[in-house]
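Coordinate analysis (summary)
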Amino acid sequence: MCTTVLVGKKASRTGSTMIARNADAEEPIQPVKFIHVKADQNGKGTYRSTVSEYQETYPEHSLAYHMIPFIESERKELGIMGEAGINSLNIAMSSTESIFGNPFVLAIDPLTKRGLGEDSLLNMVLPYIHSAREGVTYTAKIIAEYGSHEGNGIIFSDKDEIWYMEIPCGHHWVAVRLPDDCCAVIANQSLIEEVDFTDTQNVMYSEGIQEFVATNHLNPDYEGFNFRHIFGTSSKEDRKYNTARVWYGQKYLGLDTTDPTASDMPFCFKPNRLLTVADVGAVLSSHYDETCYDPFNETDQIHAKMYRPIAMNRTAESHILEIRNHVPAEIAALFWLNSGPTAFNPYVPFYTNSEDTAPAYHKTSKTYDNTQAYWLSRELAVLVERDYQKLSYANFDYLTAAAILANQCVAETDRLYQEKPTTDPVAFLTKQNQQNADKMLTLTKKHIGELIEKGLALSKLTFDITKDV
């Protein structure tokens, strides 16, 4: 159950496209790892999902890519769950934002047991696409043949375009190109609105979808083709769990929205400023900050517990996939990774034109290990949240220092690459990823030490004969 943020290149301060998502697991501890997968020019054999009955022969050629899968992919209920990645052509994919079709649609076009699902999406699509647009058409071919195992919202991007594809039922779907000057916030609901079937440059859809809707009397509106109204949901559960997240994200990015339970918030809008990675991260790290709905609001417990926050203790990871346009292609793709929970941890940049990430990120164990990023981030979160009112300021200082360091790492890596071009950019960026990650881990461990010291001073098991008598 995730939250997604999209930013078009003309809505971005640096002219970058950004697609981002919190990958929220079913449990507070669901370890993930950040890995590099090599290109394969001799693809053979058959892929078989452990979650559904989907299986397909591997294509002959695959591109190299980074992805962030669950480490327990052998568990039947999990599968690979690649979550997000960027391939060697700087094509990004986030898979997926869970969405749900309504009972009228699912009764006629149910989800399929042999269909493509979230567990298989990234590894069966990202290595084989060459543009964001092709991400949609490639996925559509699989859906046409096998159907969909679950309701999904899938995001693709390259340096120019962002495409958002919603598959709420077994075989029908719509995909829209995000306008370059717009952003969007999505939270587990179908959000695509009016579909212009004549706009082939910005809209794609499943074959026969208009006839499907007309024949089965699925359109609740007197006129038009509002995909959200026809295929999506609008229930009291949505207003408790989903709409408030969209409301807060839109509000933070500059849209004047007043009702957290509104069912007619727009899919996309032009923000009130040019956005940065920090803006996207602020939305994904938020818990309705500075509102009465903040779970840490101690003065109004009724409002504080009304809505599901964006930042969650069970966020397995959060990513911002940035494809930049103001630097050479070799260094254009950045995978900003927050190991979660996002409210307490920073986004760390990784260049994806590399052959590795960093050991602390790709070596994740099933149990606690303080040399690993996944577990360090959870240790940090437990320490801060336990005494949030007293330790949040120290955590704010850490997050500020981490943001400065992350941007310094990117600026320095960019500078070194452009001032002294190398014949082996992959090796150079692999080394930089390691160095940059080490710097962030050092800062994190220092902060954890400070939290332990401050936390001990807050213990109730204390007594000073000169002060307490």
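Here we summarise the structure given alongside this text. (Residues numbered from 1 in each chain as written. Predicted model: local features only at pLDDT ≥ 70, side-chain atom pairs only at ≥ 80, totals over all residues. Heavy atoms only, no water.)

**Some details on the pairing of strand β1 (residues 3-7)**
Among the five residues in β1, five count as buried, and that is most of the element. As defined by bridge partners, β1 adjoins strand β2 (residues 17-24) across five bridges and the pair is classed as antiparallel. Paired with Thr3 across the two strands is Asn22, which belongs to β2. (Buried < 20%, exposed > 50% of the residue type's maximum accessible area, 1.4 Å probe, protein only. Helix = DSSP H or I, 4+ residues; strand = E, 2+ residues; numbered from the N terminus. Pairing = 2+ DSSP bridges.)

**Some remarks on the layout of surface pockets**
Quantified by volume, the largest pocket comes out at close to 1300 Å³. Ala278, Gly281, Ala282, Ser285 and Leu399 are, among the 45 residues lining the largest pocket, the residues nearest its centre. Those elements that provide at least two residues to the lining of the largest pocket are α7 (243-253), α8 (277-284), β16 (333-338) and α12 (388-419). In this structure, the second largest pocket encloses a volume near 450 Å³. Surrounding the second largest pocket, 22 residues form its lining, Glu26, Met81, Ser98, Glu118 and Glu150 being those nearest its centre. (1 Å grid on protein atoms, 1.4 Å probe; cavity = no way out; pocket = protein on both sides within 12 Å on 5 of 7 lines; lining within 4 Å. Points joined across faces, edges and corners; volume = space filled by probe spheres on them.)

**Looking at the nonpolar core**
Core analysis: the largest hydrophobic core is formed by 110 residues, its most contacted members being Leu6, Phe225, Phe231, Phe335, Phe350 and Tyr361. The residues contacting Phe225, other than those within four sequence positions of it, are Glu193, Glu194, Val195, Phe197, Ile209, Gln210, Val213, Asn219, Ile230 and Phe231. Core analysis: the second largest hydrophobic core is formed by 30 residues, Ile35, Tyr65, Val136 and Ile142 among them. (Core = buried A, V, L, I, M, F, W, Y, C linked by side-chain atoms within 4.5 Å. Contact = heavy atoms within 4.5 Å.)

**Details of the side chain of Asn395**
Topologically, Asn395 is positioned in helix α12. Using a relative accessible area of 3% as the deciding quantity, one classes Asn395 as buried. With residues up to four places along the chain from it excluded, the contact list for Asn395 reads Ala343, Phe344, Leu380, Val384 and His447.

**Describing the pairing of strand β9 (residues 152-157)**
Within β9, six of the six residues are buried, which leaves it mostly tucked inside the rest of the structure. Where burial is concerned, the two faces of β9 agree: the one with Asn152, Ile154 and Phe156 and the one with Gly153, Ile155 and Ser157 are both buried. Two strands pair when backbone bridges link them, and strand β8 (residues 92-98) and β9 are joined in this way by six bridges, in the antiparallel orientation. Looking at the pairing, Ser95 lines up with Ile154 of β9. Bridging between β9 and strand β10 (residues 162-167) involves six bridges; their strand directions are antiparallel. Bridge pairing in β10 places Phe156 opposite Trp163. A loop of four residues connects β9 with β10, the two strands running antiparallel in sequence.

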